[in-house]
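# Residue-level structure breakdown
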Amino acid sequence: MDQFGGSWGAKDGEKASTLDGISIPALKNTTVANNSKIDINSTASAVELSIVSFNIKNIKSNWYYLDELCENNEIIFLQETWMSTDKDEILENKYLEKNKILYTRASEKSQFRERGRLSGGIGWLINDKINHKIEFINERISTLELKTKNELTVIIGAYLPTNSGTKAQDELKIEIAQIEALLERHNKSNVLLIGDFNCDPIRGNRFDQIFSAFMNRNNIECLEYRYQQTINHTFSGQGKSS
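In this report, the structure presented in the accompanying data block is examined. (Residues numbered from 1 in each chain as written. Predicted model: local features only at pLDDT ≥ 70, side-chain atom pairs only at ≥ 80, totals over all residues. Heavy atoms only, no water.)

This brings us to the pairing of strand 5 (residues 100-105). Of all six residues that make up strand 5, six are buried, and the element is covered over most of its length. Here strand 5 pairs with strand 6 (residues 122-127) via six bridges, running antiparallel. Its bridge partner being in strand 6, Y103 is matched across the sheet by W124. (Buried < 20%, exposed > 50% of the residue type's maximum accessible area, 1.4 Å probe, protein only. Helix = DSSP H or I, 4+ residues; strand = E, 2+ residues; numbered from the N terminus. Pairing = 2+ DSSP bridges.)

What follows deals with the packing of aromatic side chains. Following the criterion strictly, the structure yields five aromatic pairs and no others. Their ring planes at 55 degrees and their centres at 5.3 Å tell us that F211 and F214 sit as a pair that is tilted. Pair noted here: F211 and F214 are both in helix 4 (residues 206-217), with a separation of three residues, about one helical turn. Residue F211 is classed as buried on the basis of its relative accessible area, which comes to 1%. Members of the aromatic cluster, each reached through a chain of ring pairs, are W63, Y64 and Y65. Against the face of Y159 rests R140, its NZ or CZ located 5.1 Å from the ring centre. (Phe/Tyr/Trp six-rings, centres within 6.5 Å; stacked < 30°, edge-to-face > 60°. Lys NZ or Arg CZ within 6 Å of the ring centre and 35° of its normal.)

Further remarks concern the nonpolar core. Of all hydrophobic cores here, the largest spans 22 residues; its most connected members are I179, F211 and F214. Where this core is concerned, the elements lending two or more residues are strand 9 (152-159), helix 3 (166-185), helix 4 and strand 11 (220-222). At six residues, helix 3 tops the list of elements feeding residues into this core. Not counting residues within four places of it along the chain, the set of residues in contact with I179 comprises I141, A158, L160, L193 and F214. (Core = buried A, V, L, I, M, F, W, Y, C linked by side-chain atoms within 4.5 Å. Contact = heavy atoms within 4.5 Å.)

Another aspect to go through is a nonpolar patch on the surface. Side chains of W63, Y64 and Y65 sit close together on the surface and give an oily, nonpolar patch of about 330 Å² of accessible area. Secondary-structure assignment places Y65 in helix 1 (residues 63-72). (Patch = residues over 30% accessible without salt bridge, like charges linked within 9 Å, V, L, I, M, F, W, Y side chains within 5 Å. Areas by Shrake-Rupley, 256 points an atom, 1.4 Å probe, with all protein chains shown as cover. Salt bridge = Lys/Arg side-chain N within 4 Å of Asp/Glu carboxyl O.)

Inspection of the secondary structure assignment puts A168 in helix 3. The exposure class assigned to A168 is buried, which follows from its relative accessible area of 6%. The spatial distance from the C-alpha of A168 to the C-alpha of F207 is 9.2 Å, given a sequence separation of 39 residues. Residues within four places of A168 in sequence aside, it is in contact with P161, T162 and F207.

We now examine the sheet that holds strand 3 (residues 51-55). Ordered in space as 3-4-6-5, the four strands form an open sheet in which the pairing is mixed. Of all the strands in the sheet, the pair left with one neighbour each is strand 3 and strand 5. On average, adjacent strands in this sheet sit at an angle of 15 degrees to one another, irrespective of strand direction. Pairing between strand 3 and strand 4 (residues 75-79): five bridges, direction parallel. Across the sheet, F54 pairs through a bridge with L78, a residue of strand 4. Set on the sheet, helix 1 makes contact with strand 3, strand 4, strand 5 and strand 6; between it and strand 4 the angle comes to about 160 degrees. Strand contacts of helix 2 (residues 89-96): strand 5 and strand 6, with the helix running at about 155 degrees to strand 5, the strand carrying the most contacts. (Axes fitted to C-alpha atoms, helices over the stretch in contact; angles between N-to-C directions.)

Relative to the helices and strands, D208 is located in helix 4. Dropping the residues within four chain positions of it, D208 is found in contact with C199, D200 and R203.

What follows concerns the pattern of salt bridges. Counted by the stated rule, this structure contains nine salt bridges. E80 serves as the salt-bridge partner of K57, at 3.2 Å between the closest nitrogen and oxygen. Taken together, the positions of K57 in the loop between strand 3 and helix 1 and E80 in the loop between strand 4 and helix 2 put the pair 23 residues apart, joining distant regions of the chain. A relative accessible area of 7% places E80 in the buried class. A salt bridge links K60 to D88, with the shortest nitrogen-to-oxygen separation between them at 3.2 Å. Highlighted residues: K60 in the loop between strand 3 and helix 1 and D88 in the loop between strand 4 and helix 2, separated in sequence by 28 residues. Exposure remark for K60: the relative accessible area of 47% places this residue in the partly exposed category.

Mapping S142 onto the fold places it in strand 8 (residues 141-147). A sequence separation of 37 residues divides S142 from I179, and the C-alpha atoms of the two residues are 9.3 Å apart. A polar atom in the side chain of S142 sits 2.8 Å from the side chain of W124. Polar side-chain contacts of S142 include one of 2.8 Å to the backbone oxygen of E135. (Polar contact = N/O pair within 3.5 Å; in protein donor to acceptor, adjacent residues only side chain to side chain.)

So this is what it looks like as structure tokens:
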């Protein structure tokens, strides 16, 4: 299955806006968590943060990959955690020992996915020294707010549905509308969009076209196109890569 994930941001000097003519779902039923231990901009020198988006495909089976990422990264956004509940004290305590705070949101049974095993789920693993606020909009979208002395930076993490038919396209449009509502809410902040979007603007299928249109109307730039990549794929498995 082709997948595409990456980092996206508003183009220089431009602010994101909402989509005209589309009914955007209200942002409600969210879960919020705060940590205000240390301001990342409390020192005189600039602080660099390493940010990772990782489709882990079962956090309980592949925790060793996550442990390695923890060593050199301050912020990790996870997709496909495959957790059955929103909290797991064993995992949370495990990462507290590594000075990381784990936040997770389990997948709910989607109206577009009537059969099959539990999948999906998203989460964050954050350095506990960072002043931050986490908000889970739903099982696919979450925000991380990083507060500094002079400004607010918002990272939107998204795990968008796969291209599996008309109903999945409807779900994609709903999730994109949720993201656009968040862009409007944070239109005076620095915004970064990361995650697994299951789209590739270069490829050009129906899902890709929907996502490309979303990028264009919100003046969003794919950062992978600006910087040279060290690998030529974003997904590798079962003898294939894309």
